[in-house]
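Report on the structure
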Amino acid sequence: NYDELEKDYQELDSSKSQNSEAEIQLQVLTTEHTAMTAQLNATCADLEEIKTRDKADLQAKEDEWKNRESELLFEMSVLKSRAGKAANEDVTMDAGEGEEDPAI
């Protein structure tokens, strides 16, 4: 009877010891999980900040390119206009030199 009680006690003590170890492991894992979650949250926040900054940079570049395109289109129209005026002046000057057009 005593041997059975001692055996039961040792099993109970062993079980308690295993439970204590499991609780310690659980506590360590919980702490690691909390730390890992905090790191992931910080990384997500950093990535979101980078994403927002990059979107703003991209929008600024697109606006800059659109403005430059408008400037170039305006310059092209001015150059075309000047070229057209120069061609008209050449035609008027040629007509006023006193030479008669053979077709006339």
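A few points on the structure. Computed from a prediction, not measured in an experiment: that's the story for all the values here.

1. Brief notes about the overall build of the protein chain
Each helix and strand counted, the protein chain has 1 helix and 0 strands in total. Buried residues in the protein chain amount to 0% of all 104 residues. Roughly 9900 Å² of accessible area belongs to the protein chain as shown, and the carbon and sulfur atoms make up 56% of that amount.

2. Side note on a negative patch on the surface
Taken together, the side chains of Asp3, Glu4, Glu6, Asp8 and Glu11 define an acidic patch exposed on the protein surface. Note on aspartate 8: relative accessible area 46%, which makes it partly exposed.

3. Looking at the pattern of salt bridges
According to the stated counting rule, one finds 2 salt bridges in the structure shown. A salt bridge links arginine 68 to glutamate 71; the shortest N-O distance between them is 3.2 Å. Residue arginine 68 and its partner glutamate 71 are located together in helix H1 (residues 2-95), separated by 3 residues, close to a single helical turn.

Basis of the calculations
- All residue numbers here refer to positions counted from 1 along the written sequence of the relevant chain.
- In keeping with the model being predicted, local features are shown solely for residues with a pLDDT of at least 70 and side-chain atom pairs are shown and tallied solely at 80 or more, while totals for entire chains, interfaces and linings include all residues.
- With hydrogens and water set aside, each side-chain value is computed from the structure's full complement of heavy atoms.
- Only DSSP runs of H or I covering at least 4 residues are called helices, and only runs of E covering at least 2 are called strands; the numbering of each starts at the N terminus.
- Burial classification: accessible surface area is computed with a 1.4 Å probe over protein chains only, and a residue below 20% of its type maximum counts as buried, one above 50% as exposed, and the rest as partly exposed.
- Accessible surface is estimated by sampling points in the Shrake-Rupley manner with a 1.4 Å probe; for residues, cover comes only from the protein chains shown.
- Patches here: salt-bridge-free residues with over 30% relative accessible area, like charges joined within 9 Å, nonpolar side chains (Val, Leu, Ile, Met, Phe, Trp, Tyr) joined within 5 Å.
- Take a side-chain nitrogen of Lys or Arg and a carboxyl oxygen of Asp or Glu: if they are within 4 Å of each other, that pair is a salt bridge.
- For this count, His and the chain ends are skipped, Lys and Arg are scored as positive, and Asp and Glu as negative.
- Taken as the charge location is NZ of Lys, CZ of Arg, CG of Asp or CD of Glu.

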